[in-house]
Amino acid sequence: MKRAVPFLLLAASACAEPLLWYRQPAAKWEEALPVGNGRLGAMVRGGIREEVLHLNENSVWSGHPYFIEKPEMRENLPRLRELLFNGKYGEAEALAQRTMTIRPDPRYGTYKPLGDLRLEFDLPAGEHSGYRRSLDLDSAVAESTFNLGGVTYTRRVFASAPSQVLVVRLEASRPGSISLSAALTREKEATTVANGPDMLLMSGECDNGGVRFHALLRAIPSGGTVTLTNNKLRITAADSVTLILAANTSYRLTDPVGLSKAQLTAAPLFDRLLAGHLKDYRAWFRRVSLRLEGPDLSEVPTDERLRRIAAGAADPQLAADYFQFGRYLLISSSRPGGLAANLQGLWNPLFNPPWFSDYTININAQMNYWLAGPGNLAELEQPLFALTESLREPGRRTARDRFGARGFALSTRTNIWGNTDLRGTSGLLWYDSAAWLALHFWEAYRFSGDRAFLRSRAWPVLREAAEFYFDTLAEDPRTHKLVTGPAASPENTFLAPTGEKVSLTMGPAMSMEIVRELLTACVEASRTLGIDAPFRAEAESRLARLAPLRTGSKGQLLEWSEEFQESDPHHRHVSHLFALHPAAQITPRGTPELASAARRSLELRGDAGTGWSTAWKVNFWARLGDGIRAAELLQRLLGASTLPNMLDTHPPFQIDGNFGGAAGIAEMLLQSHTGEIDLLPALPAKWTGGAVKGLRARGGYTLDLEWSTGELRRFSIRSDHDATPTIRHRTWVLRSKLKAGDTRAFEFRNGEFIPAGAARPAR
């Protein structure tokens, strides 16, 4: 099987471009459509006589860096561990509450809105007709169009990454028909003034020592006039208008206004702005296409399709659009050189958003980036790597102060200021976030095979995260195994034998799974690079002594070190299944008993949950190879936890469910975490036919797949390196030798992988 075969182009050409569309303007923020260039974005409502664009720039934060010393935590650790090992959970919880909590502090700050761009139009009296509002995922352009008084009005909005500006284009079918006023407003902490004959400048400063921010708006009419009145731009009788907005903050710059002016000056005319935007955006988005066969509902508005899904209707192509919407959101909220996507990605309307709209790093920030590897957007994970690297120094201080340990440690949340913990209750005592973030570097290497990245960026982070556990793992006096702790199983509680509701144990499953995954990655990375043999030996010795996972009386995987009664048997977190996903310690073929226990845990926990929780369960069921259950959870995610604009709701809005759900769809179609490339491992029965192009597999592979009547028909694979991947479909296995840059195409007939075009099975 050595000869090259033609590449099979399996693009979903028969499918309409992914499009969200509606018959009415957005009545509220939760119905508006998001645009963004990774840093600067807006929610577009598509109003008729008044249009509002809710603006965000991802460094608009209140607060500032600070560190609260907590020596009593380090001093009380031995006593707390002793209490937990002796089963005195209530006493331990009380001690932790007294000595180890860190109360919310206003210096932590919140992610805040930049402001609003408000457009008030002079339109003829009468009723409009033919209204349509849309977001084209292939162009990243939000558009609204309608007819009024014999004129067709078209409004387009996009966020240009090449020019670093937000662009609003206003057009009309009759010359001289566009008249409006444009204003920059913010509820508080800002003022707006004229800045030259055709510009507005909004300036402000966030509270508690936060950033200074500035936004500049320029109007460029074709025909007509532009004047300044009452700190508003007034455009009269224009044929068309281009509004360009630039915004910057003191977080990045000493002169944010100067840069904004330079960006507006450098911005080309509209046609070139749009062309540059499309070229940049499509270079990311068009790497992957997905078509799922089903009824053609492209003429049904998106909000109506979501209501039908909530009522139980099947809509496979909307699931495909949801996958592409996830990729769209990642491209729009996370770009190399910028800040990582936060709890709401980029888009936040509130001055006091839930959970600070920060980086919640006991699941949510990590889930934001599960899609990057398989979704062929690996470079967009760079902001998460930069965030993690920026946290190493404050994390070292945390490890020393809280634990007297080397390495770096992070608790459950952080922000752009590098704060490493914020815990109001002992139930949030959990310091495994640094290890989990470090594993994202390892996964990025596994997808790319880039040894230079492994050596220069991944290895230092992995090594330092592991050092923390070298110094903090404790020996369980009953079993003489090494365990983590004290720690909670994130946000869950159990009943102690005394009946007290508590959260802390030694060696909860999730913490143990993260440590095992981290130390295993360190051993493999060290061996791959041929470096640091003494460190590798130390990691191997601790791996050999880690307490194993255990199952309970109901056949479930135990969440804590013992089988306790759960306070909430249907809790939204299923953290103890980290070993199933995103890790690979539990697999149906490799560890069938543990896979059965994981399945039982999911059955006992139930399908109910918040948006992100439901999204994680999609991934769990996909990893178990159960396409039916994965599809049921995806249906639930779309029907119960998705807003009309397709954004995830916890509630309220959190973007992690979008990213997690999209990653789950990728897991249904392609898996590679076990060392093999598994084709259609959890294909839902209702996805009878379809095609996907451009998915990535670990090892540096790009794959296209096509199937019909629920059966794999053909696939192609391209390798970035010289390699011989093992490719699996159900019980059939193929090994194909590939050279770097090679593409091989195969058909699957009667249980045989056949090179495309071959007359008989290859032997």
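Note that this is a predicted model, so its numbers are computed, not measured. (Residues numbered from 1 in each chain as written. Predicted model: local features only at pLDDT ≥ 70, side-chain atom pairs only at ≥ 80, totals over all residues. Heavy atoms only, no water.)

1. A closer look at helix α10 (residues 433–448)
In a regular helix each residue adds 1.5 Å, so 16 residues correspond to 22 Å; α10 covers 23 Å between its end C-alpha atoms and thus fits that length. Taken across its 16 residues, α10 has 14 buried, putting it largely inside the fold. (Helix = DSSP H or I, 4+ residues; strand = E, 2+ residues; numbered from the N terminus. Expected span 1.5 Å × (residues − 1). Buried < 20%, exposed > 50% of the residue type's maximum accessible area, 1.4 Å probe, protein only.)

2. Concerning the side chain of Thr-398
Relative to the assigned elements, Thr-398 resides in helix α9 (residues 392–403). Apart from the residues within four sequence positions on either side, Thr-398 is in contact with Phe-67, Phe-403, Ala-409, Thr-420, Asp-421 and Tyr-431. (Contact = heavy atoms within 4.5 Å.)

3. A look at the packing of aromatic side chains
Applying the stated rule across the entire model yields 31 aromatic pairs. On the numbers, 5.8 Å between centres and 85° between planes, the contact of Tyr-89 with Phe-494 is edge-to-face. Remark: Phe-494 occurs in strand β23 (residues 494–495) and Tyr-89 occurs in helix α2 (residues 89–99); sequence separation between them is 405 residues. The exposure classification of Tyr-89 matches that of Phe-494, with both residues buried. Put simply, the rings of Trp-370, Trp-436, Phe-578, Trp-616 and Phe-620 touch in pairs and so form one group of aromatic residues. The residue whose ring lies beneath Arg-132 is Trp-21, and the NZ or CZ to ring-centre distance is 4.1 Å. Positioned above the aromatic ring of Phe-270 is the side chain of Arg-169, whose terminal nitrogen or guanidinium carbon lies 4.5 Å from the ring centre. (Phe/Tyr/Trp six-rings, centres within 6.5 Å; stacked < 30°, edge-to-face > 60°. Lys NZ or Arg CZ within 6 Å of the ring centre and 35° of its normal.)

4. Description of the nonpolar core
Looking at soluble globular proteins, one finds that nonpolar side chains tend to be buried together. Core analysis: the biggest nonpolar cluster contains 226 residues, and Leu-166, Tyr-328, Leu-669 and Phe-715 have the highest contact counts within it. Apart from residues lying up to four places away in sequence, Leu-669 is in contact with Leu-290, Asp-678, Leu-679, Leu-680, Pro-681, Leu-683, Trp-687, Val-692, Leu-695, Leu-705 and Trp-707. (Core = buried A, V, L, I, M, F, W, Y, C linked by side-chain atoms within 4.5 Å.)

5. Examining unusual backbone geometry
The residue after Gly-485, namely Pro-486, is reached through a cis peptide bond having omega 5°. Mapped onto the fold, Pro-486 is located in the loop between β21 (482–483) and β22 (487–488). In the segment running from Pro-651 into Pro-652, the intervening peptide bond is cis, with an omega of 0°. Tracing the backbone through its elements, the reader meets Pro-652 in the loop between α16 (627–640) and α17 (656–669). Its identity as a non-glycine residue notwithstanding, Thr-709 has a phi of 45°, on the positive side. When you line up the elements, Thr-709 lands in the loop between β30 (701–708) and β31 (711–719). When its relative accessible area of 61% is taken as the criterion, Thr-709 is described as exposed.

By themselves, these observations are geometric and do not establish any function.
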